[in-house]
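Overview (structure and organization)
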Amino acid sequence: PLILAIESSCDETAAAIVDGKGNLLSDVVASQIDFHSRFGGVVPEIASRKHIEAICGVCDECLDVAAQRLGMERLTWSDLDGVGVTYAPGLVGALVVGVAFAKGAAWAADKPLVGVNHLEGHMYANKIGAPDFAPPAVVSLVSGGNTMLVHMRGWGDYRVLGATIDDAVGEAFDKVAKALGLGYPGGPVVSAQGAKGNPKAIEFPRAMMHSGDMRFSLSGLKTAVVTYINNERAAGRELNVPDICASFEAAVVDVQVKKAEMALRETGAPTFCLGGGVAANPVLRAAYEKLCKKMQVRLVMPPLSACGDNAGMIALVALDRFRQGKFYGLETDAQAHADLEQEY
Ligand code: ATP
Ligand code: MG
Ligand code: FE
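Every chain is numbered on its own, with residues counted from 1 as its sequence reads. To label them, take the chains in the order written and letter them from A, then take the ligands in the order written and number them from 1. Local features are withheld for residues below a pLDDT of 70 in this predicted model, meaning they are given only at 70 or higher, and side-chain atom pairs are given and counted only at 80 or more; totals for whole chains, interfaces and linings count all residues.

1. Some thoughts on the overall build of the protein chain
To be explicit about the condition: Only DSSP runs of H or I with at least four residues qualify as helices, and only runs of E with at least two residues qualify as strands; both kinds are numbered from the N terminus onward. Within these notes, the globule rule equals 2.2 Å times the number of residues to the 0.38 power, and the radius of gyration is based on C-alpha atoms. To assign burial, the other C-beta atoms lying within 10 Å of each residue's own C-beta are counted, with C-beta atoms placed from the backbone; 20 or more indicates buried, 12 or fewer indicates exposed, and intermediate counts indicate partly exposed. By the criterion used throughout, residues are in contact when their C-beta atoms, derived from the backbone, lie within 7 Å.
Summing up its helical and strand segments, the protein chain has 11 helices and 10 strands in all. Against the compact-globule benchmark of 20 Å for 344 residues, the protein chain has a radius of gyration of 20 Å, which places it among compact chains. A principal-axis box enclosing the C-alpha atoms of the protein chain has dimensions of 65 × 45 × 35 Å. Classification of the 344 residues of the protein chain by burial places 51% in the buried group. Considering only contacts within the protein chain whose residues lie at least 6 apart along the sequence, 74% involve residues at least 24 apart.

2. Section: the UniProt feature "binding site: Fe cation" (unreviewed entry) in the protein chain
Test applied: UniProt positions are given in the numbering used here, feature names are shortened, and annotations may be inferred rather than shown by experiment.
Within this structure's numbering, the places UniProt gives as "binding site: Fe cation" (unreviewed entry) are His118, His122 and Asp309. In terms of the greatest pairwise C-alpha distance, the residues named above, spread along 192 residues, form a tight cluster of at most 8.7 Å across. For His122, the location among the structural elements is in helix α4 (residues 118-124). Among all residues touching His122, those that are not within four sequence positions of it are Leu141, Ser143, Gly275, Gly276 and Met313. Among the secondary structure elements, Asp309 is positioned in the loop between β10 (298-300) and α11 (312-324). On the basis of neighbour counts, which here come to 27 C-beta atoms within 10 Å, the residue Asp309 falls in the buried class. Apart from residues lying up to four places away in sequence, Asp309 is in contact with Glu7, Ser9, Cys10, Glu12 and Ala14.

3. Focus on the site of ligand 1
What counts is decided by this rule: Using a C-beta atom placed from the backbone, a residue is scored as near a molecule or strand whenever that atom is within 6 Å of it. All amino acids are sorted into three groups, where Ala, Val, Leu, Ile, Met, Phe, Trp, Tyr, Cys and Pro are nonpolar, Asp, Glu, Lys and Arg are charged, and the leftover types, Gly among them, are polar.
Around ligand 1 there are 25 residues in total, and Gly144, Gly145, Gly170, Gly187 and Gly277 lie nearest to it. Counting residues per element, the ones that place at least two in the shell around ligand 1 are α4, α6 (169-179) and α7 (186-194). Class assignment for the residues of the shell around ligand 1 results in 6 nonpolar, 16 polar and 3 charged.

4. Points about the environment of Ala311
Structurally, the position occupied by Ala311 is in the loop between β10 and α11. Residue Ala311 is classed as buried on the basis of its C-beta count, with 34 C-beta atoms lying within 10 Å. Placed 305 residues apart in sequence, Ala311 and Ile6 show a C-alpha to C-alpha distance of 5.7 Å. Ignoring sequence-local partners within four residues, the contact set of Ala311 consists of Ala5, Ile6, Glu7, Ala14, Ala15, Ala16 and Asp27.

5. Considerations on the UniProt feature "binding site: substrate" (unreviewed entry) in the protein chain
The residues that UniProt annotates with the feature "binding site: substrate" (unreviewed entry) are Leu141, Val142, Ser143, Gly144, Gly145, Asp174, Gly187 and Asn281. Within the secondary structure, Val142 sits in strand β6 (residues 137-142). Judged by the 29 C-beta atoms lying within 10 Å of it, Val142 is buried. Once residues lying within four places of it in the same chain are set aside, the contact partners of Val142 are Thr147, Val169, Gly170, Leu274, Gly276, Val278 and Ala279. Its location among the elements puts Gly187 in helix α7. In this structure, Gly187 is in contact with Gly170, Phe173, Gly277, Val278 and Asn281, ignoring residues within four places of it in sequence.

6. Considering the packing of helix α2 (residues 44-70) against helix α3 (residues 92-109)
To keep it simple, the criterion reads: Axis definition: a line fitted to C-alpha atoms, over the contacting stretch in the case of helices. Angles run 0 to 180 degrees between N-to-C directions. Note on terminology: angles under 35 degrees are roughly parallel, angles over 145 are roughly antiparallel, angles of 65 to 115 are roughly perpendicular, and the others are oblique. Handedness of a crossing follows from how the near helix is turned relative to the far one, being left-handed for an anticlockwise turn of less than a right angle and right-handed for a clockwise one.
Close contact between α2 and α3 brings their axes to 7 Å; oriented N to C, the two are set at 20 degrees. Judged on the interaxial angle alone, α3 and α2 are roughly parallel. Seen from above, α2 lies across α3 with right-handed handedness. Seen from α2, the contacting residues are Pro44, Glu45, Ala47, Ser48, His51, Ile52 and Ile55; seen from α3, they are Gly93, Ala94, Val97, Gly98 and Phe101. Of the residues contributing to the contact of α2 with α3, the split by class is 7 nonpolar, 4 polar and 1 charged.

7. Comments concerning the sheet that holds β6
Put simply, the rule is: A pair of strands is labelled paired if DSSP reports no fewer than 2 bridges between them.
Strand order in the open sheet formed by 5 strands is β8-β7-β6-β9-β10, with mixed pairing between adjacent strands. The outermost strands of the open sheet, each flanked by one partner alone, are β8 (157-163) and β10. On average, each strand axis in the sheet is inclined to that of its neighbour by 25 degrees, with strand direction left out of account. Sheet analysis places β6 next to strand β9 (residues 271-275), joined by 4 bridges and oriented parallel. In the strand pairing of β9, Leu141 is matched with Gly275.

What follows is the structure in structure tokens.
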């Protein structure tokens, strides 16, 4: 089968086409970052409007690229076998654009519709670099809106082991970048600065490190970094931005690794994997390589290009659901939140 999937949960408008073997024939992402960066974060109303402007062009390009790959002159909606779309979680006004478009296209072309949970998409992104990746596994989801450890007992069978009680990891990167005047999104700039700094220079708090569970808390770390910056400025000292970034990253990574180890021990899972924008972080990736080697667990990570939001990962989920005949009706709606454990 050929499935086209759409992703519009935040600030990227994306579409991808997957074939029955799980090959991505096209994977188009239009980022809106330029329109949001001047505001230091994603502005929901702008995101919705930009999705509306971009979605037709992104889908046309997606069909064109796949046609080329297949050696066909043209590929149309009627050549597809199904339409997938992210329906939750995310910004409702952004999601609704993709959902309405997908429903309209599926109805007009008389194709089945599949709704996809965005976080499940981030898990499936591991298949992009490693087609043989399969549960049971522990996945660390670290993104702009979520931070959690999930036990993947099977495809579609998930148990949340622990999650953040306040901010997400990506959000903390974005806030630290904002405090340092490094712009949005913060992850890539903070990690580029951190690579030049000393991770032991400043002792930032490792919140919940010894809480004995798999929950996280990031807001205290963010406040500690902001307070440090303010104190240094007030004392007239010049900020050592690389040291601040490296020390912040070390505090984040220490806690992430400690809880990941706990999750692996508790579940006995033979595989560990990552998902979400922060999974592109080189310090985090290196730390997990060390941990998984020590624990003799297989480590799977999405390719850097598939860590952030994309529709390829959504198409891979949609293909599985399509095969299982788990279709969604036209009453399918965008939702800000969705419970991963109750998805099926
Ligand atoms: P969610 O997936 O929870 O709905 P989202 O889709 O907005 O949230 P993603 O697009 O998956 O989040 O990830 C974006 C986040 O990843 C941003 O907060 C960004 O700063 C962060 N990020 C990107 N690259 C890096 C990096 N190299 N290091 C750390 N963080 C990064
Ligand atoms: Mg994004
Ligand atoms: Fe995401």
